Amino acid sequence: MECFLLPWIRQVFSLHSQMNMATYLKLANNKLFPEENGGIPQSSLVAAGRAILQGLILLGIRFGFEDIFSTRYILSEDFENHFFPTRILYMLCWYLTTMMMYTLAWNFAEAACTITGLSYSGTDEKDQPMWDGCKQVNLITFYTCGTIADTLSSFNNATHLFVKRYVFKRLAFLGNRTLSFYLSVVFVTVWHGLRFGYVWLFLLCEIPALIQEDQMIRVLKNLTGIYSPSSLSPGKRIPLRCLQAIYANVALTYGYSGFAILDVQEFWKVVKSMYAYFHIILFTWWLVYLTMIPGKLKKLPTEKKD
């Protein structure tokens, strides 16, 4: 039923495949907003305008660099003749600008949903309307966060919420949150389509990268005794954050290549030109990590995660 509603509110289709049925019904019956408002609050226009402005900025950047950082050049012979670090830097810029195709579309769709009132999500502490019910990406977090986990959680928000609600939580009978998470990722992979590029990104890159990142943080905390980056001085915290951000983006660039270049032959050409560097880093790390004997690592204070 939720999917059948898409032809009537088409802008939602650009956000994700399903919206909450209760939200549709409340909007259709004029019960989504408090009665004293007498309709859609005027602040929806401000929120929609902000989303449109962000989308226009991304649109300008995307098309301004489209010919400079192009998939066509990555597949050319001239690209393979460049110095290896230059290729990695080029692909990093290509990844960031290509991802703007998704972020700008999400911003425009979010604006359309906000104008109709569909993105209304209640009020804040100051009793002001909030308009993040259809937000798919937090741009500031996406472009500034320093870990792979934070980057992945900063976009495709509505899809993550849908998978959490209808897949992850319904696998609770397994009694293992880690297994439930992996099976949820398998669901997301199949949901995107039966292409090897999706398997490459979600199962062969993202999951190993998240495992490795968690292990690296665990080792770092054991070696330094620092359990929170916020406890570091700015002179140490900022360089550490920059290194984390560089590593996270380089790792995601490697995985994203399979998502953006779905033709298997073209994709393998790109992987060869990158010398499969990230999987080499992964295997090297795991060999080092195994020699540390994880059982001898001190038990760290656990943080509750959603």
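Criteria and thresholds
- Residues numbered from 1 in each chain as written.
- Predicted model: local features only at pLDDT ≥ 70, side-chain atom pairs only at ≥ 80, totals over all residues.
- Heavy atoms only, no water.
- Helix = DSSP H or I, 4+ residues; strand = E, 2+ residues; numbered from the N terminus.
- Buried < 20%, exposed > 50% of the residue type's maximum accessible area, 1.4 Å probe, protein only.
- Contact = heavy atoms within 4.5 Å.
- Areas by Shrake-Rupley, 256 points an atom, 1.4 Å probe, with all protein chains shown as cover.
- Phe/Tyr/Trp six-rings, centres within 6.5 Å; stacked < 30°, edge-to-face > 60°.
- Expected span 1.5 Å × (residues − 1).
- Arc of directions from axis to C-beta.
- 1 Å grid on protein atoms, 1.4 Å probe; cavity = no way out; pocket = protein on both sides within 12 Å on 5 of 7 lines; lining within 4 Å.
- Points joined across faces, edges and corners; volume = space filled by probe spheres on them.
- Polar contact = N/O pair within 3.5 Å; in protein donor to acceptor, adjacent residues only side chain to side chain.

1. Observations concerning the overall build of the chain
Working step 1: Within the chain, the secondary structure is distributed over 14 helices and zero strands.
Working step 2: Going residue by residue from the N terminus, the α and β elements of the chain occur as α-α-α-α-α-α-α-α-α-α-α-α-α-α.
Working step 3: When each of the 306 residues of the chain is scored for burial, the buried share is 40%.
Working step 4: By sequence separation, contacts in the chain at least 24 residues apart represent 66% of the contacts at least 6 residues apart.
Working step 5: Accessible area for the chain stands at about 17800 Å²; split by element, carbon and sulfur atoms hold 64% of it.

2. A few points about the packing of aromatic side chains
Working step 1: Applying the stated rule across the entire model yields 34 aromatic pairs.
Working step 2: With a centroid separation of 5.1 Å and an interplanar angle of 65°, the aromatic rings of Y254 and Y277 are classed as edge-to-face. You can see Y254 sitting in helix α12 (residues 234-260) and its partner Y277 sitting in helix α14 (residues 277-291), a full 23 residues away along the chain. Residue Y254 shares its accessibility class with Y277, and that shared class is buried.
Working step 3: Here a set of aromatic residues connected by ring pairs shows up, and it is made of W94, Y95, Y102, W106, F142, Y143, F155, Y198, F202, Y256 and F259.

3. Let's talk about the environment of C113
Working step 1: Tracing the backbone shows C113 in helix α6 (residues 100-116).
Working step 2: Considered as a pair, C113 and S44 are 69 residues apart in the sequence and their alpha carbons are 9.5 Å apart.

4. Details of helix α10 (residues 177-192)
Working step 1: Taking 1.5 Å per residue, 16 residues should reach 22 Å; α10 reaches 23 Å between its end C-alpha atoms and fits that length.
Working step 2: All of the buried residues in α10 are S180, S184, V185, V188 and T189.

5. Observations concerning the environment of Q244
Working step 1: Summarising the element assignment, Q244 is placed in helix α12.
Working step 2: Given a relative accessible area of 21%, Q244 falls into the partly exposed group.
Working step 3: If near-sequence neighbours (up to four positions away) are discounted, Q244 is found in contact with G146 and T147.

6. Concerning helix α2 (residues 43-64)
Working step 1: The end-to-end C-alpha distance of α2, which contains 22 residues, comes to 32 Å, matching closely the 32 Å that a straight helix rising 1.5 Å per residue would cover.
Working step 2: Residues S44, A47, A48, A51, G55, L58 and R62 constitute the buried set of α2. In an axial view of α2, the angular spread of the buried residues amounts to 95°, which keeps them on one side of the axis. Facing away from the buried side of α2, by more than 90 degrees, are the exposed residues L45, V46 and L53.
Working step 3: The inward-facing, buried residues of α2 abut α5 (84-98), α6 and α7 (139-144).

7. Let's talk about empty space enclosed by the protein
Working step 1: Counted under the stated rule, the structure contains one cavity of 30 Å³ or more.
Working step 2: A volume near 40 Å³ is recorded for the largest cavity.
Working step 3: As for the largest cavity, its lining consists of I148, L201, C205, E206, A209, A251, L252, G255 and F278.
Working step 4: If you list the elements that add at least two residues to the lining of the largest cavity, you get α11 (196-224) and α12.
Working step 5: No other element matches α11, which puts four residues into the lining of the largest cavity.

8. Focus on the side chain of N249
Working step 1: Summarising the element assignment, N249 is placed in helix α12.
Working step 2: Judged by its relative accessible area of 16%, N249 is buried.
Working step 3: A polar atom in the side chain of N249 sits 2.8 Å from the backbone oxygen of A245.
Working step 4: If near-sequence neighbours (up to four positions away) are discounted, N249 is found in contact with L92, Y95 and L96.

It is worth stressing that arrangement in space is one thing and function is another; only the former is reported here.
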